[in-house]
Amino acid sequence: MINAFLVFNGQGQPRLTKFYTQLDTSIQQRLISEIFTLVANRPKGSCNFLPLPPLLAASSTSTSSSEPHNDVPSLVTYRNYATLYFIIISTSTESPLALIDLIQVYVESLDRLFENVCELDLIFNFETLHATLGEMIVGGVVIETNMEKIVQGVRAQGTVAKRPVNESRGGGMGLGSGLGAGLGMGGNFVWSGR
Amino acid sequence: MFEKSLYDLIRGLRNHKGNEKEYIQNCLKECRSEIKSQDMDVKATALLKIIYLEMNGHDMSWASFHVLEVMSSPKYHQKRVGYLGAVQSFKTDTEVLMLATNLLKKDLSASSPIVISLPIAALPHIITPSLALSVLADLLPRLSHSHSAIRKKTIVTLYRLALVYPETLRAAWPKIKERLMDKHEDPSVTAAIVNVVCELGWRRPQDFLPLAPRLFELLVDGGNNWMAIKLIKLFATLTPLEPRLVRKLLPPLTDLIRTTPAMSLLYECINGIIQGGILGDSEDDGREEIASLCVSKLRGMITFNGDANLKYVALLAFNRIVVTHPFLVAQQEDVIMECIDSEDITIRIKALDLVQGMVSSDNLVSIVSRLMRQLKTSTNPNNDQLDDLSTDSSEEMGAERRSRKRDEAPPLPEDYTIDVIGRILKMCSQNNYSSVVDFDWYIDVLTQLIRIAPASRKELDSDGMALGPKSTTADISESIGNELRNVAVKVKAVRAAAVRAAELIIAKLSMETTSHQVISGSLKPVAWIAGEYANLLSNPSDTLNHLLQLIPRIRPSEVLATCLQASMKLFALIAGNDQTYWTAERKSMVSLLMARVIHTYEPLVLHPSLEVQERAVEFTELLKLTAEAASAQASSTDELEQDPPLLLTQAIPSLFQGWELNSVAVGAQLNVPMPEGLDLDEPIHPNLSSLLAQADSLMLPIQEDDEFSAYYNEKAAPTSISSEPAINRLRDAPETTSGSYQQATEDSYLDADIIARRKAERAERNRDDPFYIGDLGSPSRSQGTSTPIHNILQNENGPDLDIDSIPIMKLDLGAISSSGVGGAPGTPQRSKAPKSRPQIVVAADETLVGSRPSTPRTGSQHDSDADPSSASAKSRAARKLKQSLLQVDSSHLRNLSLEASHSEDSGGGALPHEKLAETDAEMAKAMKEVQRLRLEMQRANERIHVAQGVPTEGVVVKSKKKKEGKKAKSKSKSEEDGAGAGEDEKEKKVVKKKKKKAETEVAEGGGEGAPVGGEGEGEAVITVKKKEKEKVKKKKPKRIIQLGDEDAGGTGAGAEAGEP
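Criteria and cut-off values
Residues numbered from 1 in each chain as written. Chains lettered and ligands numbered in written order. Predicted model: local features only at pLDDT ≥ 70, side-chain atom pairs only at ≥ 80, totals over all residues. Heavy atoms only, no water. UniProt positions renumbered as here; feature names shortened; annotations may be inferred. Helix = DSSP H or I, 4+ residues; strand = E, 2+ residues; numbered from the N terminus. Buried < 20%, exposed > 50% of the residue type's maximum accessible area, 1.4 Å probe, protein only. Contact = heavy atoms within 4.5 Å. Salt bridge = Lys/Arg side-chain N within 4 Å of Asp/Glu carboxyl O. Polar contact = N/O pair within 3.5 Å; in protein donor to acceptor, adjacent residues only side chain to side chain. Buried area = accessible area lost by both parts, 1.4 Å probe. Nonpolar A, V, L, I, M, F, W, Y, C, P; charged D, E, K, R; others polar. Patch = residues over 30% accessible without salt bridge, like charges linked within 9 Å, V, L, I, M, F, W, Y side chains within 5 Å. Areas by Shrake-Rupley, 256 points an atom, 1.4 Å probe, with all protein chains shown as cover. Lys, Arg positive; Asp, Glu negative; His and termini not counted. Charge placed at Lys NZ, Arg CZ, Asp CG, Glu CD. Axes fitted to C-alpha atoms, helices over the stretch in contact; angles between N-to-C directions. Parallel < 35°, antiparallel > 145°, perpendicular 65-115°, else oblique. Left-handed = near helix turned anticlockwise from the far one by under 90°. Pairing = 2+ DSSP bridges. Expected span 1.5 Å × (residues − 1). Core = buried A, V, L, I, M, F, W, Y, C linked by side-chain atoms within 4.5 Å. Phe/Tyr/Trp six-rings, centres within 6.5 Å; stacked < 30°, edge-to-face > 60°. Lys NZ or Arg CZ within 6 Å of the ring centre and 35° of its normal. pLDDT = per-residue confidence, 0-100.

For chain B, the name recorded in an unreviewed UniProt entry is AP-3 complex subunit delta, with Neurospora crassa as its organism. A UniProt comment under Function (unreviewed entry) is attached to chain B, and it reads "Part of the AP-3 complex, an adaptor-related complex which is not clathrin-associated. The complex is associated with the Golgi region as well as more peripheral structures. It facilitates the budding of vesicles from the Golgi membrane." UniProt lists a comment for chain B under the heading Sequence similarities (unreviewed entry), and it reads "Belongs to the adaptor complexes large subunit family."

As named in an unreviewed UniProt entry, chain A is AP complex subunit sigma, taken from Neurospora tetraspora. UniProt's Subcellular location (unreviewed entry) comment on chain A is quoted here verbatim: "Endomembrane system". Quoted verbatim from the Sequence similarities (unreviewed entry) field of UniProt, the annotation for chain A is "Belongs to the adaptor complexes small subunit family."

Below, the structure is given as structure tokens:
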């Protein structure tokens, strides 16, 4: 199952945190910062999987090779879009490559909802972020991977606000470059799971 | 309306860069007051802001009650905020959760699908067993909701309910199964079910075997890759239970592997084949084909135009194969080894995992040297001055090294470095060093590792502390030192080399950190080696000097204690020679040395650590006495030859010369049988106290005391090492090893000085090798025994002999001449094939007969530092520790069987092993019936007529106000019996059987003594009800506070009765 879904930007500021098991706020923050340090130091062209952050590794090192324990979070998958990092922490029962696709579906859905989504949209509409995630994952289990249905589900809950007009000029943060546009989403996807 | 909106808050945050903290604190203050507002809009906005701040790390647990308020708002957009707050902040121990139960139940039965979705999506985050029990009845009907979105969310939520309250599945599973079997079900609902079944599958695979046909159908013509991935994962857990599935699965899987364009599906097919054990034995033809297909595909993934993700997952798959089919993976060694050098750490670690399982004596050296090179290059920048130091010893080597610094890798993170070092140690030491062929090489590697190892963080940790186990793992250099010590103890053949390595390390440490504290944890074991095998040191007095310099700079007390002991041993060796006479020269030398040692020890007499203090006090006092004795003893003159004081030559050395230490298996101590008649409570002496009192008054002259102890100790030294005949040592001396595989690559990871030493050693060794043409052009000699003798000579000559300064030719000649005299075995080494592997004996851990097997060299048991003492205890501890941060505990589920519910549905009897579960189920069902009946009656009281056809589980308690509920409770209690009699007969008949069972069960299980006399139907009902009432009464105070709801009180009691 999926243990957590996180979004943070290039400075490590969280944009979305969703933990499917209960965790103290302070530990959440520690985990985020640990993952951020891992993610920020990735060399170009490295894979989309992170070694376990110390917080998680401490509890599962002993089992790493001997007997795979399916309950323990053992996989940290990330994707980087423009200024944002999307992280999924999951157990070994999830398919690693499918998780990469799942992040892609999420981002594409957001792109569909916001039309050329950028970090600012996510900052000001974090409720929509939660709603979108809620249409894809419930309680750590993936319930929907079809983008149409996800978008439809979010729209059914009410209109999605656009970013405030006067903000779009930018205030020093990495914005403007749409997440989708910046990555040419959808096209060159070798291991497409869909 | 001057409140900030979320938008304002975020803008404000962005405009207050630099002093955000203050801004946030102000905002929080505002929110705190706003959230108390009566205006729901203000409240909801404040909550949204708080949730936003929570994301940034500001605790919001204080707002839980307000969250609840907003949740109960009738407006959807406010309700949504409330639920978001609950999801983000509620914990299972949040108190207001009890108050939320009714709200959740109400929202679950709302008419609008988007409202229903809210509690369904929130429940997994806040679920507790009791909450699960209360909402289950409301959740179940949602499985057949007209909206597919609701259905699929409900399924997942039911799964999460089952994790904390396994009984959920008993009620829900038949319905979920029905959904799964329904071919006209929305495909996304089917996919969600498959996801859930996949999650459940690995916990209880046997329950899902009956589904195999349908799942297979879905796999073949599902057309959904996401689902196919999950199905394959599920099948991988089913095949071990049902081997016939394999034949059925193979065609579609191979088909998918060959055709699918989706890499993820391809990978999962291969992975499924591996995990499902389909690879099988190599005897089967068809399977061999699939195995090679899989492996070749995986190999392709690693090499596939450098896609790092594929590389990673392929390594993951190899990691699984290696457990069962190591030979298949061994064939791919080349590509895997390349991954070790990948600059992506994730891939490196996975490759390392893999390599660790592939190590053999053939590839160990190449693997370790790869890793060493990695470590070396990454730590280079810091080691520059070290290199400069080492260039002194060998100029050209240093130059060569410097030219090598071309491709400098970015510095590796410390954790990784530590991890790699740990793995190197593990690889080399596994199976009691069965893979290590050349121990000289291993010692060199260890020496190098100690230099590379990152400084221990013990110092830092000691402030924060409480990191118990972590600080020990962090101190990797201590483990390296321990390895060196293990080698020194276990492998006698290379003990001399290990001791010399230790000597070198101590020298380096004392020179390196002239002003700072000593931080390398390696000092402790290394000092121990130097002390214990002091007679093998090439230069004991130098080493003693270094140690004495180091001692004042050591912080950790254990290290200090060891160093004290080691330096004392060294002193004993240096000063305790009883062969030579007590010359004036010797007298002054010894006195000076003693003064120095005492000077070093004295400050430690007041050390806070008792262990250190004790040793320091003992040694200082002993040395002071000896100093007195030494100064009293007149030195020998030409006429009169004086012996050195006995204290110096006998007493002190005999303190440290006893039986040789051997490694003892970890569990051995536990196996020592308790002597019969041993009573530890028995006093040692009947009137010990009076004896002690006597001793206090008795003032023994101290001198005498020490002589007594000296006498005492003398006897205990039967096998001092130095008294061994030389011939023994000859046999033990290092034998020639072939150095064929450590050619030029070695200098890429060993420091120049280590290599230089190595080269010198090798040259020395090879000088005597007739097949080796030395660069000195020395005449080859047929006599091969000179090297060991040469070593012994070195050792004997001891402190005042600097080996390096001796011209080699001269010494050689001496060695040859002495080889005849020295009584060496004289067996010509020629008989030994020069290329053959040296037969090095690695001592096994000592243990007691009849206990756990020791670790023979060839043994495949645990490695030497694993804890074999109690595997079960260990695993238990591990499990405790394993409960990871984000982990969901699903252990409850293991005990639940779905079979019981299956068989009940079909009306048949359960399998024998399911009996227990079945009775439990019956019990729960009966309790539910009772509860339902009670509700019915209550309702009758309230003049609410419920039609006969209400589904058993589907009773929906319309939300009652608290007061009403309480009133109803008391009312129902007084009228229950009567109402029960008045209840219509039909209903009773339906549940008659169950009730009977329940009644007996309750009587047995509860054990609260309510006499069971119910033969007749009506009586039975009453008995049960009385029982029920009792419970309710008992619980009443608590229940009212917690739930304020009659229904929940009943169910709570029901759950309690059902559980034991």
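Next comes the rest of the description.
1. Quick notes on the overall build of chain A
Summing up its helical and strand segments, chain A has 7 helices and 7 strands in all. Out of the 194 residues belonging to chain A, those deemed buried represent 65%. Here the analysis covers contacts within chain A between residues at least 6 apart in sequence; of these, 61% occur between residues at least 24 apart.

2. Focus: the overall build of chain B
Summing up its helical and strand segments, chain B has 49 helices and 0 strands in all. With 1060 residues in all, chain B has 52% of them scored as buried. Considering only contacts in chain B between residues 6 or more positions apart, those separated by 24 or more positions represent 72%.

3. Let's talk about the pattern of salt bridges
One pass over the structure, following the stated rule, counts 27 salt bridges over all chains. A salt bridge links Lys 153 of chain B to Glu 135 of chain A, with the shortest nitrogen-to-oxygen separation between them at 2.9 Å. Taken together, the positions of Lys 153 of chain B in helix α9 (residues 148–164) and Glu 135 of chain A in helix α5 (residues 126–136) put the pair across two chains. Given a relative accessible area of 6%, Glu 135 of chain A falls into the buried group. Two residues, Arg 423 of chain B and Asp 353 of chain B, come together in a salt bridge whose shortest N-O distance is 2.7 Å.

4. Comments concerning the side chain of Glu 144 of chain A
Considering the arrangement of structural elements, one finds Glu 144 of chain A in the loop between β7 (141–142) and α6 (147–156). Given a relative accessible area of 4%, Glu 144 of chain A falls into the buried group. A polar atom in the side chain of Glu 144 of chain A sits 2.6 Å from the side chain of Lys 152 of chain B. Look past the residues within four positions of Glu 144 of chain A in its chain and what remains in contact with it is Glu 135, Met 136, Lys 149 and Ile 150 of chain A together with Lys 152 and Ser 188 of chain B.

5. Here we look at the interface of chain B and chain A
Between chain B and chain A, the residue contacts involve 80 residues of the former and 85 residues of the latter. Taken together, both faces of the contact between chain B and chain A bury some 7100 Å²; the carbon and sulfur share is 57%. Linking chain B to chain A there are 6 salt bridges. A salt bridge links Glu 144 of chain A to Lys 152 of chain B, with the nearest nitrogen and oxygen atoms 2.6 Å apart. Connecting chain B to chain A are 28 residue pairs in polar contact (both at pLDDT 80 or more). Ranked by residue count, the leading element in the side of chain B that touches chain A is helix α5 (residues 76–89) of chain B, at 7 residues. Residue classes in the side of chain B that touches chain A are distributed as 41 nonpolar, 17 polar and 22 charged.

6. Considerations on a nonpolar patch on the surface
Taken together, the side chains of Phe 65, Met 98 and Leu 99 of chain B make up a nonpolar region of the molecular surface, amounting to roughly 240 Å² of accessible area. Looking at the secondary structure, you find Phe 65 of chain B in helix α4 (residues 64–71).

7. Side note on a negative patch on the surface
Residues Asp 24 of chain A together with Asp 59, Asp 93 and Glu 95 of chain B make up a contiguous surface patch of negative charge. With respect to the helices and strands, the residue Glu 95 of chain B is situated in the loop between α5 and α6 (97–108). When its relative accessible area of 70% is taken as the criterion, Glu 95 of chain B is described as exposed.

8. Looking at the packing of helix α29 (residues 495–512) of chain B against helix α30 (residues 523–532) of chain B
Residues and elements named next belong to chain B. The N-to-C vectors of α29 and α30 enclose an angle of 125 degrees; their axes lie 9 Å apart at closest approach. Relative to α30, α29 is oriented oblique. Considering the relative orientation of α29 and α30, their crossing is left-handed. Listed contacts from α30 to Ala 498, Val 499, Ala 502, Ile 505, Ile 506 and Leu 509 of α29 are Leu 523, Val 526, Ala 527, Ile 529 and Ala 530. Tallied by class, residues from the contact of α29 with α30 come to 11 nonpolar, no polar and no charged.

9. Here's the deal with the environment of Gly 82 of chain B
Residue and element names in this part refer to chain B. With respect to the helices, strands and loops of the structure, Gly 82 is situated in helix α5. Residue Gly 82 is classed as buried on the basis of its relative accessible area of 0%. Residue contacts for Gly 82: discarding those within four places in its chain leaves Leu 47, Val 67, Val 70 and Met 71.

10. Brief notes about the pairing of strand β4 (residues 73–81) of chain A
Taken residue by residue, a regular strand's side chains alternate between the two faces of the sheet. With 7 of 9 residues buried, β4 of chain A lies mostly within the body of the structure. What sits between the antiparallel neighbours β4 of chain A and strand β5 (residues 84–91) of chain A is a turn of 2 residues, in which Ala 82 of chain A has the positive phi angle 45 degrees.

11. A closer look at helix α13 (residues 225–238) of chain B
Residues and elements named next belong to chain B. Its 14 residues give α13 an end-to-end C-alpha distance of 20 Å, which sits within 8% of 20 Å, the value for a rise of 1.5 Å per residue. Summarising burial for α13: 13 of the 14 residues are buried, a large majority. The distance from a side-chain oxygen at the start of α13 to the backbone nitrogen of Trp 226 is 2.9 Å, and the residue carrying that oxygen is Asn 224.

12. Details of the nonpolar core
Counting 280 residues, the largest nonpolar core has Phe 5, Phe 86 and Tyr 106 of chain A together with Tyr 442 and Phe 571 of chain B as the members making the most contacts within it. Once residues within four sequence positions are removed from consideration, Tyr 106 of chain A is found in contact with Phe 5, Val 7, Leu 16, Phe 86, Leu 129, Thr 132, Leu 133 and Met 136 of chain A. The next biggest cluster of nonpolar side chains, apart from the first, holds 18 residues, and it includes Phe 8, Ile 35, Leu 50 and Val 76 of chain A.

13. Digging into the packing of aromatic side chains
Applying the stated criterion to the full structure yields 15 aromatic pairs over all chains. With 4.9 Å between their ring centres and 70 degrees between their planes, Phe 5 of chain A and Tyr 106 of chain A make a pair best called edge-to-face. On the criterion of sequence distance, the pair formed by Phe 5 of chain A in strand β1 (residues 2–9) and Tyr 106 of chain A in helix α3 (residues 96–114) is long-range, its members being 101 residues apart. What makes Tyr 106 of chain A buried here is its relative accessible area of 0%. An aromatic cluster of at least three residues, connected via ring pairs, comprises Phe 5, Tyr 81, Phe 86 and Tyr 106 of chain A. Positioned above the aromatic ring of Trp 62 of chain B is the side chain of Arg 32 of chain B, whose terminal nitrogen or guanidinium carbon lies 4.1 Å from the ring centre.

14. Remarks on the confidence of the model for chain A
Residue and element names in this part refer to chain A. On average, residues of chain A score 78 in pLDDT, and 75% of them are at 70 or above. In this model, residues 167–178 is a region of pLDDT below 50 whose contacts with residues beyond four sequence positions or in other chains number 27 contacts. Predicted confidence for residues 180–194 stays below pLDDT 50, and this span has 45 contacts to residues more than four positions away or in other chains.

15. Section: the confidence of the model for chain B
Residues and elements named next belong to chain B. On average, chain B scores 70 in pLDDT, and the residues at 70 or more come to 62%. Low pLDDT, under 50, characterises residues 851–882; the predicted model gives this stretch 55 contacts beyond four residues in sequence or across chains. Note that residues 944–988 has pLDDT below 50 and, in this model, 59 contacts with residues that lie over four places away or in other chains.

16. Describing the sheet that holds strand β2 (residues 14–19) of chain A
Residues and elements named next belong to chain A. Across the sheet, 5 strands lie side by side as β2-β1-β5-β4-β3; this open sheet has antiparallel pairing. Since the sheet does not close on itself, it has two edges, and those belong to β2 and β3 (49–50), each with one partner. Contacts between α5 and the sheet are confined to β1 and β2, with β2 contributing the most and set at about 35 degrees to the helix.

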